[in-house]
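Observations on chain architecture
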Amino acid sequence: MLNLPLDTEKMRFSAFGDKFSGRSGILQLMDDLGKAMSSPKAPLMLGGGNPAFIPEVQSRIRARMQAMLANGDEFERLIGNYETPQGNPAFIEALCTLLRTHYGWGIAPPNVAITAGSQASFFLLFNMFAGRFRDGQKKKILLPMAPEYIGYTDLGLTEELFTARRPEIEYLAPHRFKYHVDFEHIDLSPEVGAICFSRPTNPTGNVLTDQEVTRLMALAQARQIPLIIDNAYGSPFPNIVFTAATPLWDEHTIVCLSLSKLGLPGARTGIVIAPEPVAQAIAGMTAIFNLAPSSLGALLTLELVKSGEIIRLSQEVVKPYYRGKAEQALGWLDIALEGLDYFVHHPEGAMFLWLWLRGLPIKSEQLYERLRRRGVVVVSGHYFFPGLEQDWRPRRECIRISYAQAPETVQQGIAVIGEEARKAYREG
Ligand SMILES: Cc1ncc(COP(=O)(O)O)c(C=O)c1O
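Right, let's walk through the structure included here. (Residues numbered from 1 in each chain as written. Predicted model: local features only at pLDDT ≥ 70, side-chain atom pairs only at ≥ 80, totals over all residues. Heavy atoms only, no water.)

Quick notes on the sheet that holds strand β13 (residues 352–357)
Within the open sheet, the 6 strands sit side by side as β6-β7-β12-β13-β16-β15. Their pairing is mixed. If you trace the sheet from one side to the other, it starts and ends with β6 (168–173) and β15 (379–380), each paired once. Relative to strand β16 (residues 398–402), β15 is paired through 2 bridges, and the arrangement is antiparallel. Bridge pairing links V379 to R400 in β16. Together, β7 (176–180), β12 (342–345), β13 and β16 form the strand contacts of helix α10 (residues 309–336), whose direction differs from that of β13 by roughly 20°. Packing against the sheet, helix α11 (residues 364–373) makes contact with β13, β15 and β16, and its axis sits at approximately 40° to β16. (Pairing = 2+ DSSP bridges. Helix = DSSP H or I, 4+ residues; strand = E, 2+ residues; numbered from the N terminus. Contact = heavy atoms within 4.5 Å. Axes fitted to C-alpha atoms, helices over the stretch in contact; angles between N-to-C directions.)

Below, the structure written as structure tokens:
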């Protein structure tokens, strides 16, 4: 047998391999964030989307794990059995009861599918409703209000999976604003296969109003296309929502939940609530790609869901925790940027401040680079516009700041952001 060393130059990847192997924008960014984290001078990490370690949540999950370990062969069954492709039946049943009782959603177990995290849900859903169709049509996912979640960007099996619209800007107070859906420019042409938005939105912390959501639901219904609501930060869990917002669902709506932002990103548990054929299709795809989802997240939270305690925990612990951090971070940011022409999106939820440095003389990527050199990691705002074709100045003038980390980290990081922003305006 020839024992030739592997010639990596000659080993070629398919288009699929190239696209999904790290040469894409988000993977480079994640790599960059990862490298920054492992550099010798520990950076102030205001960049990632990692949820905070909230002691009260963690102790509940720890207790549940200990109970499983102590209870006969419960642990062995957890690790030793494949789940059904749809996900853990007891968890799904409990979740349906919870959502029916608390929100009146008319759902039953066939409406639910568990996935390996909502990132996986979006990969399946977007490629199900957009891309190339058998009859030759090409469809896209409409993001009605960019900026939108960076993680959608590279999920398409085909190119140009998204089309996005700019928001309307409402100025609320000195240095505060809020984005709204610009319905004048929401044209549901036949090329739109589904509509999707995150609520609360990553990166802005915006929460679409009930009115906006109902209007989008009506538009989707009229066109008989699904409305996909990314509820990763929404109600009932983790409920990182600081404004009044009703959790809405109907037969044209697909709501994607996740256990990640409650504090279990490592359990990789996404939940799709959808019309039955859609949920069943997701389960079928899970069977092909993963055989089955993990049961870990479902079993760790089963009792919390059954008892409804997950709602109390989200409402009384998780929400106030992030709300307090948002207010604190906002206070520091106002001090750091005093006198500059800056605006912050009114933080209505999630775990980020979206900072718009109006008229910034350098691009947000350059500001990101300068901050990184000073040991502060944020995310440049230009990444958050998948599918937006028009140039729009604010696209180059914003950064996303996560406030989930320890207060000292956030405070020091924000002080450096203030110094670098000031320097950039001075030079310009
Ligand atoms: C808006 C939004 N959607 C989805 C996800 C994916 O979350 P997960 O795959 O951990 O459920 C994230 C993670 O940061 C997010 O911010």
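The structure having been displayed, the exposition proceeds.
Structural notes on the site of the ligand
Residues in contact with the ligand amount to 13 residues; listed here are only the nearest, D230, Y233, S258, S260 and K261. Between the ligand and S118 there is a distance of 2.8 Å, counted from an oxygen atom to a backbone nitrogen or oxygen. Within the side chain of S260, a nitrogen or oxygen atom sits 2.6 Å from an oxygen atom of the ligand. Classifying every residue of the shell around the ligand gives 3 nonpolar, 7 polar and 3 charged. (Near = heavy atom within 4 Å. Polar contact = N/O pair within 3.5 Å; in protein donor to acceptor, adjacent residues only side chain to side chain. Nonpolar A, V, L, I, M, F, W, Y, C, P; charged D, E, K, R; others polar.)

Describing the packing of helix α9 (residues 296–307) against α10
Close contact between α9 and α10 brings their axes to 5 Å; oriented N to C, the two are set at 90°. Overall, the two elements α9 and α10 adopt an arrangement that is roughly perpendicular. Contacts between α9 and α10 involve L304, V305 and S307 from the former and E309, I310 and L313 from the latter. (Parallel < 35°, antiparallel > 145°, perpendicular 65-115°, else oblique.)

A few points about helix α5 (residues 89–103)
For α5, spanning 15 residues, the distance from its first C-alpha to its last is 21 Å, which sits close to the expected 21 Å at 1.5 Å a residue. Residues of α5 that are buried include every one of F91, I92, A94, L95, C96, L98 and L99, and no others. Buried residues along α5 sit against β2 (112–115), β11 (270–273), α9 and α10. Residue N88 occupies the N-cap position of α5, its side-chain oxygen lying 3.3 Å from the main-chain nitrogen of A90. Following α5 by one or two positions, G104 has its phi on the positive side, about 70°. (Expected span 1.5 Å × (residues − 1). Buried < 20%, exposed > 50% of the residue type's maximum accessible area, 1.4 Å probe, protein only.)

Some remarks on the nonpolar core
Counting residues in hydrophobic clusters, the biggest one holds 139 residues, and the most contacted among them are F126, Y322 and L355. No other element matches α10, which puts 12 residues into this core. Look past the residues within four positions of Y322 in its chain and what remains in contact with it is P51, A52, I54, I240, F242, K261, A350, M351, Y403 and A404. (Core = buried A, V, L, I, M, F, W, Y, C linked by side-chain atoms within 4.5 Å.)

Let's talk about helix α7 (residues 210–223)
Because each turn of an α-helix spans 3.6 residues, side chains separated by three or four positions end up pointing in the same direction. For α7, built from 14 residues, the straight-helix expectation of 20 Å at 1.5 Å per residue is met to within 8% by its first-to-last C-alpha distance of 20 Å. When α7 is considered as a whole, its buried residues turn out to be E212, V213, L216, M217 and A220. Buried residues of α7, seen end-on, are gathered within an arc of 135° and therefore sit on one face of the element. Facing away from the buried side of α7 by more than 90 degrees, the exposed set consists of Q211, R215 and A222. Immediately downstream of α7, the backbone of Q224 shows phi near 55°, a positive value. (Arc of directions from axis to C-beta.)

Observations regarding the packing of helix α3 (residues 55–70) against α9
Relative to each other, α3 and α9 sit at 110°, their axes nearing to 9 Å. Relative to α9, the element α3 lies roughly perpendicular. Of the residues in α9, those touching α3 at R60, I61, R64, M65 and M68 are L299, L300, T301, L302, E303 and L304. Looking at the contact of α3 with α9 residue by residue, the classes come out as 7 nonpolar, 1 polar and 3 charged.

Digging into the state of the cysteines
Summed over all chains, the structure comprises 0 disulfides. With no disulfide partner, C96 has as its closest neighbouring cysteine sulfur the one in C256, 15 Å distant. The thiol of C196 is unpaired, and the distance to the nearest cysteine sulfur, on C256, comes to 7.2 Å. (Disulfide = S-S within 2.5 Å.)

Some thoughts on the pairing of β13
Here is the key point about a regular strand: its side chains alternate between the two faces of the sheet. Extensive coverage of β13 is indicated by the burial of 6 of its 6 residues. The alternating pattern of β13 places F352, W354 and W356 and L353, L355 and L357 on opposite faces, both of which are buried. In this antiparallel pair of consecutive strands, β12 and β13, the connection spans 6 residues, and A350 shows a positive phi of 60°. Sheet analysis places β13 next to β16, joined by 5 bridges and oriented antiparallel. The partner of L355 across the bridge, within β16, is I399.

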